[in-house]
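Next come the chains, spelled out residue by residue.
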Amino acid sequence: MKARVTVTLKTGILDPQGKAIEGALKSLGVDGVASVRQGKVFDIELAGADKAKAEAALKAAADKLLANTVIENYRVELLG
């Protein structure tokens, strides 16, 4: 089974990397960029077919390792 965990900064948390990317895009001539927020994506392959168990395991992994839940949110998607 494949899954994706997407980690993003919570609203209100400053994002200096996003600001740097925003400035770089503008300096490259990319028009219409209003703002950029940077995050992380983890594509994970799991053995087994129990979706509930897989989702619970990934949420535990995100809470303990993949995301800093003080400043980041995460979303778990089971892809199949």
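Residues numbered from 1 in each chain as written. Predicted model: local features only at pLDDT ≥ 70, side-chain atom pairs only at ≥ 80, totals over all residues. Heavy atoms only, no water.

Q: Got a sec to walk through the overall build of the chain? Specific residues and values, please.
A: In terms of regular secondary structure, the chain is built from two helices and three strands. For the chain, the N- to C-terminal ordering of α and β elements is β-α-β-α-β. A globule of 80 residues ought to have a C-alpha radius of gyration of about 12 Å, yet the chain, at 16 Å, is considerably larger. Here the chain holds 80 residues, and the buried ones make up 22% of them. For the chain, long-range pairs separated by at least 24 residues make up 69% of all intrachain contacts whose partners lie at least 6 apart in sequence. Just so you have it, the chain exposes about 5,600 Å², and 57% of that area is on carbon and sulfur atoms. Each charge class in the chain was averaged separately, 12 positive and 10 negative side chains, and the resulting centres sit 3 Å apart. (Helix = DSSP H or I, 4+ residues; strand = E, 2+ residues; numbered from the N terminus. Rg over C-alpha atoms; globule rule 2.2 N^0.38 Å. Buried < 20%, exposed > 50% of the residue type's maximum accessible area, 1.4 Å probe, protein only. Contact = heavy atoms within 4.5 Å. Areas by Shrake-Rupley, 256 points an atom, 1.4 Å probe, with all protein chains shown as cover. Lys, Arg positive; Asp, Glu negative; His and termini not counted. Charge placed at Lys NZ, Arg CZ, Asp CG, Glu CD.)

Q: Can you lay out the pattern of salt bridges for me, pointing to particular residues and giving the numbers?
A: Opposite charge on two side chains allows them to pair when their charged atoms are near. The full count for this structure, using the stated rule, is six salt bridges. With its nearest N and O atoms 3.7 Å apart, the salt bridge here joins Lys19 to Glu22. Taken together, the positions of Lys19 and Glu22, both in helix H1 (residues 16–27) and three residues apart, correspond to about one turn of that helix. Note on Glu22: relative accessible area 8%, which makes it buried. (Salt bridge = Lys/Arg side-chain N within 4 Å of Asp/Glu carboxyl O.)

Q: Go over the environment of Val70 with me, naming the residues and quoting the values.
A: Along the polypeptide, Val70 turns up in the loop between helix H2 (51–66) and strand E3 (72–78). Taking the C-alpha atoms as reference points, Val70 and Leu9, 61 residues apart in sequence, are found 9.4 Å from one another.

Q: Kindly report on the sheet that holds strand E1 (residues 2–9), identifying the contributing residues and their values.
A: Taken together, the three strands give an open sheet; going across it, the order is E2-E1-E3, and neighbouring strands pair in antiparallel fashion. With partners counted over all chains shown, the strands left at the sheet margins are strand E2 (39–45) and E3, one partner each. For this sheet the average axis-to-axis angle between neighbouring strands, irrespective of direction, equals 15°. Taken together, the seven bridges between E1 and E2 define a ladder with antiparallel strand orientation. Directly across from Lys2, in E2, lies its bridge partner Glu45. Where H2 meets the sheet, it contacts E1, E2 and E3, and its direction lies at approximately 155° from that of E3. (Pairing = 2+ DSSP bridges. Axes fitted to C-alpha atoms, helices over the stretch in contact; angles between N-to-C directions.)

Q: Explain the environment of Val33 residue by residue, including any values.
A: Within the secondary structure layout, Val33 lies in the loop between H1 and E2. In this structure the C-alpha to C-alpha distance between Val33 and Arg4, which are 29 residues apart in sequence, comes to 26 Å. Discounting chain neighbours no more than four positions away, the residues touching Val33 are Glu22, Leu25 and Lys26.

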